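# Breakdown of the fold
Read off the chains here:
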Amino acid sequence: MATTREIKNRINSVKNTQKITSAMYLISSTKLQKAKGELERTRPYFTQIENEIKRIFQDVHQISSEYFYPETGRKPAETYAYLVITADKGLAGGYNHNVLKLAEEEMRRHKKVQLYVVGEFGRHYFMKHNIPIARSFLYTAQNPTFHRAREICSLLLTEYEEKRVDEIRVIYSDMQNELVCDVKKDRILPLERRNFSADEVQNTTYFRFDPSAEQVLANIMHSYISGYIYGALVSSFCAEQNARMTAMDSSNKNAEELLAKLSVEYNRVRQAAITQEITEVAAGARAQRIKKKKENT
């Protein structure tokens, strides 16, 4: 049986750990609110870019673009590029493992796959399992910025435009709400024309495009894809912080339960020690009385 000193040391250790998990919970909560606010502030810009793409299709019905599937004669993709977004560290429940599990499933489905990894956790995982990585973005997955999204977009678009990959996809975590976080697999390129239906854009004014509608669309697509990647980075970051908050909250609850059990055990051991001491004192006093009685007789 553990002594009172051992139990007390364990109680102090649990309390110290609980202080750390509580601090991590508050930090993740602050980061989550900040990231969501930044995404909301930039959302109108990307929404307007999407509307402009719809406006181009509204004004020019017959338009050819390498960024969109052709209306007829679609060719199956052979080489896939996957942008896999993970965190830089663990302590976030199943956040990283769910993303990596889906990435491995996709690699088993397709023979030719190129991996582009964001986050130290994913990079170390693929290196440990001897899975080749086409490019690992060494900057942190924390605090995503639009500048980083542009860098990723520039690299992926170069691979796509030079025909080294046929399709670009992204695997990331999307936080639906505080209770639901799903791992998503979205196709970045090529896009479906029907997703940019011109019916949603109410416009009676028609435009001329210089030098051509195709060139204007190509220029806009760089910003659109950058915005899409930025949204995926921020969504992953929010999902990571939410998962870490959930994990730390669960850890705090477990610590409370453990402290309650240790407190009961501590009181029981202490009470047993006190009872033993009282018994020993009483036995000693009784022995002294018997000895003194024998000496008097």
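Scroll up to find the structure this text is about.
Described in the following lines is the structure provided in the data block.

Rules of the game
- Residues numbered from 1 in each chain as written.
- Predicted model: local features only at pLDDT ≥ 70, side-chain atom pairs only at ≥ 80, totals over all residues.
- Heavy atoms only, no water.
- Helix = DSSP H or I, 4+ residues; strand = E, 2+ residues; numbered from the N terminus.
- Contact = heavy atoms within 4.5 Å.
- Areas by Shrake-Rupley, 256 points an atom, 1.4 Å probe, with all protein chains shown as cover.
- Pairing = 2+ DSSP bridges.
- Axes fitted to C-alpha atoms, helices over the stretch in contact; angles between N-to-C directions.
- Phe/Tyr/Trp six-rings, centres within 6.5 Å; stacked < 30°, edge-to-face > 60°.

### Points about the overall build of the chain
Each helix and strand counted, the chain has 5 helices and 5 strands in total. Reading the chain from its N terminus to its C terminus gives the helix and strand order α-β-α-β-α-β-α-β-β-α. Sequence-distant contacts in the chain: of pairs separated by 6 or more residues, those separated by 24 or more amount to 77%. Total accessible area computed for the chain in this model is approximately 17,800 Å², and 51% of it derives from carbon and sulfur atoms.

### Observations concerning the sheet that holds strand E5 (residues 181-189)
In spatial order, the strands read E3-E2-E1-E4-E5; together these 5 strands make up an open sheet with mixed pairing. For this open sheet the edge positions go to strand E3 (135-137) and E5, each flanked by a neighbour on one side alone. Shown here is a sheet whose adjacent strand axes are inclined to one another by a mean of 20°, direction ignored. Here helix H5 (residues 213-296) sits on the sheet and contacts strand E1 (79-85), strand E2 (112-118), strand E4 (167-175) and E5; the angle it forms with E4, its principal contact strand, is near 35°.

### Some thoughts on the packing of aromatic side chains
Under the defined criterion, the tally for this structure stands at 3 aromatic pairs. Relative to Tyr 230, the ring of Phe 146 lies with its centre 5.9 Å away and its plane at 90°, an arrangement referred to as edge-to-face. Note that Phe 146 is positioned in helix H4 (residues 146-161) and Tyr 230 in helix H5, a separation of 84 residues in sequence.

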